[in-house]
Amino acid sequence: MELDDLKYIWQQNQALSINQQVIDNEKVMEMTRQKSKDVMSKLRKNLDFDIWVSSLFIPPLIWVLFQKNIATYHKYVAGFFIIYTFVGVFFYWKEFKSYKELNLKNDLLSMLKFTEENFSKRVKLLIIYNNISILPLMFYGSVMGNEFINYRNPHHETSLMALIISTIFVTPIGYFYMKFIIKKFYGEHLQKLKKLRAELEQN
Amino acid sequence: MIKTHQGILHKVCGMYRHDPDDKKDLFQEIVIQLWRAFPKFRQESKISTWIYQIALNVAISDFRKESRRPKRVELSENLLNISDNIYDNSTEEQIKIMHHAIAQLSEIEKAIVMLYFEEKDNEEIAEIVGITQNNVRVKMTRIREKLRTIVSKNNE
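Residues numbered from 1 in each chain as written. Chains lettered and ligands numbered in written order. Predicted model: local features only at pLDDT ≥ 70, side-chain atom pairs only at ≥ 80, totals over all residues.

Caption draft 1: Geometry of the overall build of chain B. Across its full length, chain B holds eight helices and zero strands. What you see in chain B, going N to C, is helices and strands ordered as α-α-α-α-α-α-α-α. (Helix = DSSP H or I, 4+ residues; strand = E, 2+ residues; numbered from the N terminus.)

Have a look at this one:
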């Protein structure tokens, strides 16, 4: 059986089946009112979620800044995370809002190029954004762990070196966990986009 | 416009999705994207070309996994003994052979072969897919070979 035989079967089949699938105007209008679930929209939703969750921490962090009976290093950490969140929100609005939708009006190759470039740009920014927070977050975690030990055992003393060592130990765990999450959510999409583009560009 | 050209949407959905619910989801997504993109339609190309472009872009960029395992075409004993003259078989069997063969093509090849089945010439296929006409010819030759191999394997 040759390609033209398949073409004949296709045309026969379509002629039979399409007459059975008629959708009226009302149904079409109802569909247009639904929200899109394309790849870019999903990525944007995830980023929206990240930003909103980060923003929720701002009021308690500001509260920490203005407390008199709190150790100074807590205030430094709070200050760092307030700045970090604001920088994140700023870049989010500046960079991402202009690419909030999938660009479908061009040909397939252009759409794939556009989506791949934007997708990798967003993923890179997301990785950088997450990586910036890992080291201070892990160090702060070590300090808080130490505070807890001190609370249970007031005679216990921890050197700065011990805190640094514990930070060095836990930071890779946080780093690889975040990398795993990002790869799980976005890596497969990116690989598929690259593969499709390569296939189209191959001569 | 969508109502008039809904045949294109059904064809694209049928090509890229097997499960009826997945087909509906893809159909809806294409309708949403056509609705969004329509104000930017410049009428530089035919409306059907533009609809194919959007529909294929949506279908190919939609990476949601199918909700159920794709219903693979079961190869019955009759199907495995296809005679050289395919038109002696029933229409249903021919359609099964066609779906089985198409299912083994890549997403890109599916798009190109569908446009070919729809009587689009190389120029229009090149416009929709975004490659040169020469590249379309090369890909068509490969698809032709691939489909011939798939069908002949089933015949053995």
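Here the narrative resumes.
Caption draft 2: Focus on the packing of helix α6 (residues 108–152) of chain A against helix α7 (residues 160–201) of chain A. For the pair α6(A) and α7(A), interaxial distance at closest approach is 8 Å and the crossing angle is 170 degrees. It follows that α6(A) is roughly antiparallel to α7(A) by the angle criterion. (Axes fitted to C-alpha atoms, helices over the stretch in contact; angles between N-to-C directions. Parallel < 35°, antiparallel > 145°, perpendicular 65-115°, else oblique.)

Caption draft 3: Up close: the packing of helix α2 (residues 25–32) of chain A against helix α2 (residues 20–37) of chain B. Taken N-terminus to C-terminus, the directions of α2(A) and α2(B) make an angle of 80 degrees; their axes are 8 Å apart at the nearest point. When the axes of α2(A) and α2(B) are compared, the pair comes out roughly perpendicular. Residues V28(A), M31(A) and T32(A) of α2(A) lie in contact with α2(B), whose contacting residues are Q28(B), V31(B), I32(B) and W35(B). Considering only residue class, the contact of α2(A) with α2(B) consists of five nonpolar, two polar and no charged. (Contact = placed C-beta atoms within 7 Å. Nonpolar A, V, L, I, M, F, W, Y, C, P; charged D, E, K, R; others polar.)

Caption draft 4: Quick look at the nonpolar core. All names here are of chain B. In this structure, V12, I30, A55 and I112 are the most contacted members of the largest nonpolar core, which totals 54 residues. Examining the composition of this core, we find that nine residues originate from one element, helix α3 (residues 47–61), more than from any other. When near neighbours in sequence (up to four residues on either side) are disregarded, I30 contacts L9, V12, I54, A55 and V58. (Core = buried A, V, L, I, M, F, W, Y, C linked by C-beta atoms within 7 Å. Buried ≥ 20, exposed ≤ 12 C-beta atoms within 10 Å, placed from the backbone.)

Caption draft 5: Up close: the interface of chain A and chain B. Across the contact, 40 residues belong to chain A and 48 residues belong to chain B. Elements represented by at least two residues in the side of chain A that touches chain B include exactly α1 (3–18), α2, α6 and α7 of chain A. Sorting elements by how many residues they give to the side of chain A that touches chain B places α1(A) first, with 11 residues. Counted by class, the side of chain A that touches chain B contains 17 nonpolar, 13 polar and 10 charged residues.

Caption draft 6: A look at unusual backbone geometry. The backbone phi angle of E119(B) is positive, close to 65 degrees, even though this residue is not glycine. Among the secondary structure elements, E119(B) is positioned in the loop between α6 (107–117) and α7 (122–129).

Caption draft 7: α6(A), seen in detail. Residue and element names in this part refer to chain A. The terminal C-alpha atoms of α6, which comprises 45 residues, lie 63 Å apart, in line with the 66 Å expected from a rise of 1.5 Å per residue. The sharpest bend along α6 reaches about 30 degrees and sits at I134, with the proline P136 one to four residues further on. For α6, the set of buried residues is L108, M111, L112, T115, N118, R122, L126, M138 and S142. (Expected span 1.5 Å × (residues − 1). Bend = angle between axes of the 7 residues up to and from the residue.)

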